[in-house]
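Architecture at a glance
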Amino acid sequence: MITPRVTRLVRVPDLKAMHAAVARLACTGLPSVRRTAILVPTRAAGEELRRTLENRTLADAEAVLLPDLLTRADFYERLHAAMPGAPPSLTAPEREVLLRRAAREAVRAGTPPPFSLRAGLILEMLAFYDELRRREQSLDDFSRLTTERLAPSAETDRGAERLLRQTEFLAAAFAEFERLTHQTGAIDEHGLRLLLLDRSAPPQRAFAHVVVTVADQAADARGLHATDFDLLTRMSGVTRLDVIATENVLASGFHERIHNLLPGIEEERFGTASSPPTLIAPETSEPEQRWFRSRDREEELSAVVRDLKHRAASSHASVHPPPLERCAVVFQRPLPYLYLAKQVFRDGGVAYQATDALPLSGEPFAAAVDLVLAFLMAEGNRASTIALLSSPHFTMSSQAGALAVGTLDELFRDMKYSGGWDRLSALAAETADQDGTTRQRRRRTSLSRRAAPAMAAAGDVAAALAPLRERLPASLQLAALLTFLRSHEALPPADAEWHPRHMRARAAIVAAIEALRDAHARHDDEPLDVPELAGSLRRWIEAETFSPRTGAEGVRLVDGSSAAYADVDDVRIVGLVEGDWPERATRSIFYPASILSQLGWPADASRATAARARFHDLLALPVQRVSGSTFTLEDDAIVAGSSFLEEFEAAKLPIERQPPFLPARIFAHDALLQGVAPAGSAGGPAGDQTAEWLALRLARTAPSDARYHGAAGTREPKAYAVSAVERYLDCPFKYYAANVLQLPEERDEESGLTPLERGHFVHDVFEQFFIQWQGSGGGTITIANAAEAIVLFERVVDERLGSLPEADRALERTHLLGSAVASGLGERAFAFEIEQGGEVIERLLEHELEDTFTFDGPEGPRRVALRAKADRIDLMADGTLRIVDYKLSKAPKLARSLQLPIYGVCAEQALEGRHGRSWTVARAGYVAFKEKDPFVPLGGRMPLAAAIADGQQRFLAAIDGIERGEFPVRPDEPFRCQWCAYAGVCRKDYVGDE
């Protein structure tokens, strides 16, 4: 008799209510607890939930007996282990080896791929196959749906034809992969799922109750697939299924999808919303800023330490800060925060704990293995040989000696040695002669003698690794690599602090190589060439992680998905930058989104909406306080803030402004500053240059000293160039460097013309064209004379191209005249004039506007001296002006475009009385090469008069800033900083400071 199944959706208002719901559903009744599984996104999340449930049960004075806290992968492993007599499970290396063999068989059968098969692509193919099967797509469905989409356009579309050939290959390779898998007698995840659904009797020790705390794949990359929900509802033995989700996540689209996945699911509301935490925000002149800003990730963590220390020092009897264990630092990506925390928290004297898995590839032993692979890939060239012999992880380093290795490097440079196994063997034999002489010059003879130990070691290494270069079975190649590592590795001393961690990483890497060796021995022992062998090993090591548990007490360092399961009082969310929050979606490398959507892949919009919902839940997680921080600089490049920063306002949390901390001795460099006067003042320990430098460094980042934040003193009014004022809007510091300090621009060497040179050339071409066009009586360009204009324009272009280097002519000709796939700047300019119509009575080209002009400001009219040069001003027969500016890229944003509105105001005043009349601007815009439309009007949809008025306001505000001497580092678009010509003198860490 089968017990009726209960399937229920438990709706909770927030994460704290979710914790309570899990405790109520899964932690009552000893028999049921033993047969209950709670599904969580990561093992770190399971650890946090374990603590949370223990806190709740201990607070209620109940016995602590927790159900199994499992990830999706762990759940399948437990199900497999619970099935007596079940076929063995294929390991991940075995599946990769089988798919590599299947792909090779598909090629031999006459279905080649439109790409070269490499180790990385085999793993991508395996991931794509798993995604297909998890989304309930058979191979027939995959082939049919994709072919139906691509076949109609394959004859005329090369891209579609290539994707069609790719589909044929993938379908053939996957079919062969399934045949080979069945042939092994073992099963993978998909075979296990079929076996579980096919059995009428439940597995032994199976779960009767499953609590799902993660959403589906459309909401979270760590969520469950459609096949997982199908298994949970049909698998024998499961009598109760509870899906717990917050209202925010349900509202992001999960509510509709869960009803589609589990038709007839019952709903229950549980819990009430908890009191919201207080949002801690900096005390700043910007009331809309609700987050902290740091220079980089290291300073973010330093700010966390200072906050904890400050609160501990300033607490009194009535207000106690929470214990460190009740505080959490939450990030999206564990790296580099876990590496930085080791230094920052130790220096600050704050204990911390972390359970996140670290990439195995970041461990020193992994780097040592990579040196061996690089040596093989480069055929023992100079760089790879010296790096391998110098590594402290191998015995060759101590045997040869640092001096001999350095001398060998010098010898290789002198000989212009570039690698090659025969050449390396010959050199090793030659240098090892007893008399130590060679046929080279005396200097080379001396070097050879001193480098002999290192050269001999290099020869020994090449000989030991020879089996990996030969056409031996793959298992023997990998066995030879293991033999080399074991016989040449230099283990750390047993009493070394880093010995346990090194041995754990070493064991994980050796186990990965052994697993790959055994997989090849069982399923496909064809030889691997060196690139394929190295690529496969590198991919496996990069994919592996290990968990070096850090600390057992102190501040918790957790990732965003795990933090949702933590019971904490204080949360600081760090790394709120673009690319981290939300985390970048991983895309299939094989097909575009339009095809993947037909195969069941979720839309990026669904993931983004759900990520925002989970962030809202995270903001309400702590009991007392929540705060967030972003930073502006990473790897010497400006990074933009996360779009989630706006959610701090949308969350409507009560705000507490935190004033800047008073100076306190927390880190080592703070101790050096004790008693040191500010730089440039009297006092302080004489001769202590380190402390003086630190005092200066801190002064430069202190917001109180305006000198380090753009204040350069007032400046006298002068005649302004419009382009220079526009540069001020682009970034005030860029104006300061170019126009005040008059520093030369730092530019990378370019193979073609610089943007400035190209702009001058384009302006010269148009000027010459219109001079000749007007001289010949051409007048307004219309449909009737457009062909004549194009012929003349081509002639002018060809004439002016002669002044350019030959290498630049073809590209510049394409810019101006266009190609078969895009129109040139000339055609765009003519198309704009034809569309606009009207009679042009005069064209003013490169027209100088130099005088004192009147502009309308917020305080009334204002006179400003100006010098400018307009690209083109058309005087129309109806008394209006048309202002045109040429751009080789795109039209500038309205927020920093000044030239057209200011040219318009100046032209009306300067041309007064020309041809005996007054003139009014009626049209202004850009002819831009990379815009979709030939002509981009000033201000877009904004009325021209409003755009001109707005331009005057911005122009006068910029002049006020210049004359006040305000030149902060404030780029209008921070991503442009990586191309700035003044990056070498700019303190980019000041971005965002006022």
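None of the values given here were measured: they were computed from a predicted structure. (Residues numbered from 1 in each chain as written. Predicted model: local features only at pLDDT ≥ 70, side-chain atom pairs only at ≥ 80, totals over all residues. Heavy atoms only, no water.)

Let us now look at the pattern of salt bridges. With the rule as written, the count across this model stands at 71 salt bridges. Each of Arg72, Glu131, Arg134, Arg135, Glu189, Arg193 and Asp228 takes part in one network of salt bridges that share partners. (Salt bridge = Lys/Arg side-chain N within 4 Å of Asp/Glu carboxyl O.)

In this section: empty space enclosed by the protein. By rolling a water-sized probe across the atoms, one finds the places where empty space is left. Taken as a whole and judged by the stated rule, the model has four cavities of 30 Å³ or more. One number sums up the size of the largest cavity: a volume of about 80 Å³. If you trace the largest cavity, you find it lined by Val304, Asp307, Leu308, Cys327, Ala328, Val329, Val555, Asp570, Val571, Arg572, Arg625 and Ser627. Those elements that place two or more of their residues in the lining of the largest cavity are α12 (297-314), β9 (327-331), β14 (570-573) and β15 (625-631). The computed volume of the second largest cavity comes to approximately 40 Å³. Along the walls of the second largest cavity sit Leu39, Arg72, Phe75, Tyr76, Leu224, Asp228, Leu231 and Leu232, which together make up its complete lining. Elements supplying a minimum of two residues to the lining of the second largest cavity: α4 (72-81) and α10 (226-234). Taken together, the residues of the lining of the second largest cavity break down into six nonpolar, no polar and two charged. (1 Å grid on protein atoms, 1.4 Å probe; cavity = no way out; pocket = protein on both sides within 12 Å on 5 of 7 lines; lining within 4 Å. Points joined across faces, edges and corners; volume = space filled by probe spheres on them. Helix = DSSP H or I, 4+ residues; strand = E, 2+ residues; numbered from the N terminus. Nonpolar A, V, L, I, M, F, W, Y, C, P; charged D, E, K, R; others polar.)

The next subject is the nonpolar core. Counting residues in hydrophobic clusters, the biggest one holds 82 residues, and the most contacted among them are Phe345, Leu408, Leu424, Val555 and Leu557. Each residue touching Leu557, except ones within four places of it in the same chain, is listed here: Val329, Phe331, Leu338, Ala341, Phe345, Tyr352, Gln353, Ala354, Thr355 and Asp356. (Core = buried A, V, L, I, M, F, W, Y, C linked by side-chain atoms within 4.5 Å. Buried < 20%, exposed > 50% of the residue type's maximum accessible area, 1.4 Å probe, protein only. Contact = heavy atoms within 4.5 Å.)

With that settled, consider the confidence of the model for the protein. Put simply, the protein has an average pLDDT of 86, and 90% of its residues get 70 or more. Per-residue pLDDT, averaged within each element of the protein, yields its smallest value for helix α2 (residues 30-34) (56) and its largest for β14 (97). Scored below 50 in pLDDT, residues 432-440 makes ten contacts in the model with residues more than four places away or belonging to other chains. Scored below 50 in pLDDT, residues 676-687 makes 15 contacts in the model with residues more than four places away or belonging to other chains. (pLDDT = per-residue confidence, 0-100.)

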